[in-house]
Structures are given as structure tokens and as C-alpha cells.
Amino acid sequence: SVLEADVMQAVQAYAQAVVALASKSVLAEFNDAPVQDALSLVAPCVAIPAWAENVVAARPYSTVDVLQHYASQLTHEWGSAELEQALCAHPRIGEKAQGSCKEAALSKGEQSAVDTQNSALTLALAQGNAHYEERFGRVFLIRAKGRSGEDILAELHRRLNNSPAQEEAEALEQLRQITLLRLEGVFAQ
Ligand SMILES: NC(=O)NC1=NC(=O)NC1=O
């Protein structure tokens, strides 16, 4: 009935207001938190301490957008040293992240679309990862969120043909995407 529709609309508006207040409070908490607490919120986004320290040092932020824009700008300073530093925290694609740290949990979630029950796919990814590491000397890194195992395998085969310079640029772009997606997750709560 009309009344029921009105009630549902009011309930929905109320729920959205509560969520809006909650997400604002995450930013407010971050702005006001002691340095160590603020660092622990953003450190799991990427294993590059300088990045997290700079994001925390630039507080307070007026909005989440301003924070994400600044954090994104910082990622454009990354080079091969940062890539190596960050890779120590990224499990191979297709291998479930070890340990219980926050990053491992994030990795598991990001790789959730990779069907690890599909043994042919898992084998192909393992072989591709080994080939990639032999050719480029580091773990294959891809923003796995939103990608199926097949998509990832296709990207792995494509990128195996890159030159080292091209591939370093691609890997850095993937690291940026992973980092900024994780940062979105921190403030989307
Ligand atoms: N080797 C990887 O690409 N690892 C990962 N990609 C993601 O999106 N999350 C990971 O842990």
C-alpha cells in the first residue's frame, strides 16, 4: 500500500543516514587518531612504510576524496625499489595468502574469484608464475579484485612478452590499483 511504501522509503533514508554518519566517523577517527593507530589503519594497503607515513603525516583531511587523491599522488613516486619492497607482502596468484595478518586477509579476498578448485587453472597459474619469476626476477603482481582466474592467466601470458621496462611499469600500475582499492576499503566502512 502507499503507507507501506512510505514506511520503506523512510527506513531506507534512515539506514543511509546511519551509514553516512559511520563513514564520516571513520575519517574523523583517522584524523584524530594517534600516529601509530592511524598507521595501522593504512599500513595494510601496501608494504611501503614511507607511503603510509606520508598519508598519516598529511592529516587532517577534509574529505575521503582529498585523502585518496593525495594518497594516489604519492603512488606516482614509486619505482623499482618500492616495487621490490611491496612484493614481500603479496602472495603469488593462486596461492592462498599465508598467515593471519590483515594483508593476508585482504589478499584472500582479492583473489576470491580465482577458482582454486580448478586444478588445471591452478597448475597453469603456477607454471605462469614460475615462468614470470624466472624472466623478471620477482613475483607476478596483478590487481586480482574483479578478475577471474582465466582473466589473470591471460594477463600473465600477455605480460610475459613485455620488455623488463614495460613490465616494471605495468607491475607498478597494478600495485597502485591494489593499494588504492584497499585504501577505499578502509574508509568505505
Ligand atoms: N601476486 C599478486 O598479484 N597478489 C595479489 N594481487 C592482489 O590483488 N592481491 C594480492 O595479494
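Residues numbered from 1 in each chain as written. Predicted model: local features only at pLDDT ≥ 70, side-chain atom pairs only at ≥ 80, totals over all residues. Heavy atoms only, no water.

*Asks:* What am I meant to see in the site of the ligand here?
*Replies:* Within the structure, the ligand sits among 14 residues, and Pro91, Ser107, Glu110, Ile142 and Ala144 are positioned closest to it. A distance of 3.3 Å is found between an oxygen atom of the ligand and a side-chain nitrogen or oxygen belonging to His90. Phe140 places a polar main-chain atom, nitrogen or oxygen, 2.9 Å from a nitrogen atom of the ligand. Compared with its free state, where it exposes 290 Å², the ligand has 100% of that area covered by protein. Mapped by element, the contributors of at least two residues to the shell around the ligand are α6 (102-110) and α9 (164-188). Of the residues in the shell around the ligand, the class split is 8 nonpolar, 3 polar and 3 charged. (Near = heavy atom within 4 Å. Polar contact = N/O pair within 3.5 Å; in protein donor to acceptor, adjacent residues only side chain to side chain. Areas by Shrake-Rupley, 256 points an atom, 1.4 Å probe, with all protein chains shown as cover. Helix = DSSP H or I, 4+ residues; strand = E, 2+ residues; numbered from the N terminus. Nonpolar A, V, L, I, M, F, W, Y, C, P; charged D, E, K, R; others polar.)

*Asks:* Hey, could you run me through the nonpolar core in this one?
*Replies:* A general tendency of soluble globular proteins is for nonpolar side chains to be buried together. In this structure, Phe30, Trp51 and Phe187 are the most contacted members of the largest nonpolar core, which totals 44 residues. Counting residues per element, the ones that place at least two in this core are α1 (2-32), α2 (35-42), α3 (49-57), α4 (64-75), α5 (80-87), α7 (119-136), α8 (149-159) and α9. (Core = buried A, V, L, I, M, F, W, Y, C linked by side-chain atoms within 4.5 Å. Buried < 20%, exposed > 50% of the residue type's maximum accessible area, 1.4 Å probe, protein only.)

*Asks:* Please clarify how the packing of α3 against α4 should be interpreted in this entry.
*Replies:* The packing of two helices is summarised by the inter-axis angle and the distance between the axes. The N-to-C vectors of α3 and α4 enclose an angle of 145 degrees; their axes lie 10 Å apart at closest approach. Seen from above, α3 lies across α4 with right-handed handedness. Across from Trp51, Asn54 and Val55 in α3, the residues of α4 making contact are Leu67, Tyr70, Ala71, Leu74 and Thr75. For the contact of α3 with α4, the per-class residue count stands at 6 nonpolar, 2 polar and no charged. (Axes fitted to C-alpha atoms, helices over the stretch in contact; angles between N-to-C directions. Left-handed = near helix turned anticlockwise from the far one by under 90°. Contact = heavy atoms within 4.5 Å.)

*Asks:* Please clarify how a nonpolar patch on the surface should be interpreted in this entry.
*Replies:* A surface patch of nonpolar side chains, amounting to about 280 Å² of accessible area, comprises Leu3, Val7 and Val11. Position of Leu3 among the secondary structure elements: in helix α1. Judged by relative accessible area, Leu3 falls into the exposed class, the value being 63%. (Patch = residues over 30% accessible without salt bridge, like charges linked within 9 Å, V, L, I, M, F, W, Y side chains within 5 Å. Salt bridge = Lys/Arg side-chain N within 4 Å of Asp/Glu carboxyl O.)

*Asks:* Quick question: what am I supposed to make of unusual backbone geometry here?
*Replies:* Of all residues except glycine, most have a negative phi; of all peptide bonds, most are trans. Cis rather than trans, the peptide bond between Arg59 and Pro60 has omega equal to 0 degrees. By secondary structure assignment, the location of Pro60 is in the loop between α3 and α4.

*Asks:* Is there a simple way to explain the pattern of salt bridges in this structure?
*Replies:* If charged atoms from side chains of opposite charge come close, those side chains can pair. Within this structure, the stated rule accounts for 8 salt bridges. Between Glu110 and Arg182 there is a salt bridge, with the nearest N and O atoms lying 2.7 Å from each other. Residue Glu110 is located in helix α6, and its partner Arg182 is located in helix α9; the two are separated by 72 residues in the primary sequence. Look at Glu110 and you get buried, because its relative accessible area is 14%. Each of the salt bridges in this network shares a partner with another, and the network as a whole consists of Arg92, Glu95 and Glu133.

*Asks:* Can you walk me through the packing of α5 against α9 in this structure?
*Replies:* At a minimum axis distance of 10 Å, the contact between α5 and α9 shows a crossing angle of 55 degrees. By the angle class used here, α5 and α9 are oblique. As α5 runs across α9, the sense of the crossing is left-handed. Touching Ser80, Glu82, Leu83 and Ala86 of α5 are Glu168, Ala171, Leu172 and Leu175, all from α9. (Parallel < 35°, antiparallel > 145°, perpendicular 65-115°, else oblique.)

*Asks:* Where do I start with α3 in this structure?
*Replies:* Two residues of an α-helix separated by three or four positions point the same way, owing to the 3.6 residues in each turn. Along α3, the positions that sit buried rather than exposed are Trp51, Ala52, Val55 and Val56. Taken down its axis, α3 places every buried residue within 130 degrees of arc, on the same side. (Arc of directions from axis to C-beta.)

*Asks:* Can you help me understand the environment of Ala43 in this one?
*Replies:* Within the secondary structure layout, Ala43 lies in the loop between α2 and α3. Overall, the relative accessible area of 33% leaves Ala43 in the partly exposed class. C-alpha separation for the pair Ala43 and Glu133, spaced 90 residues apart in sequence, amounts to 26 Å. Ignoring any residue separated from it by four or fewer positions in sequence, one finds Ala43 in contact with Ala52 and Glu103.

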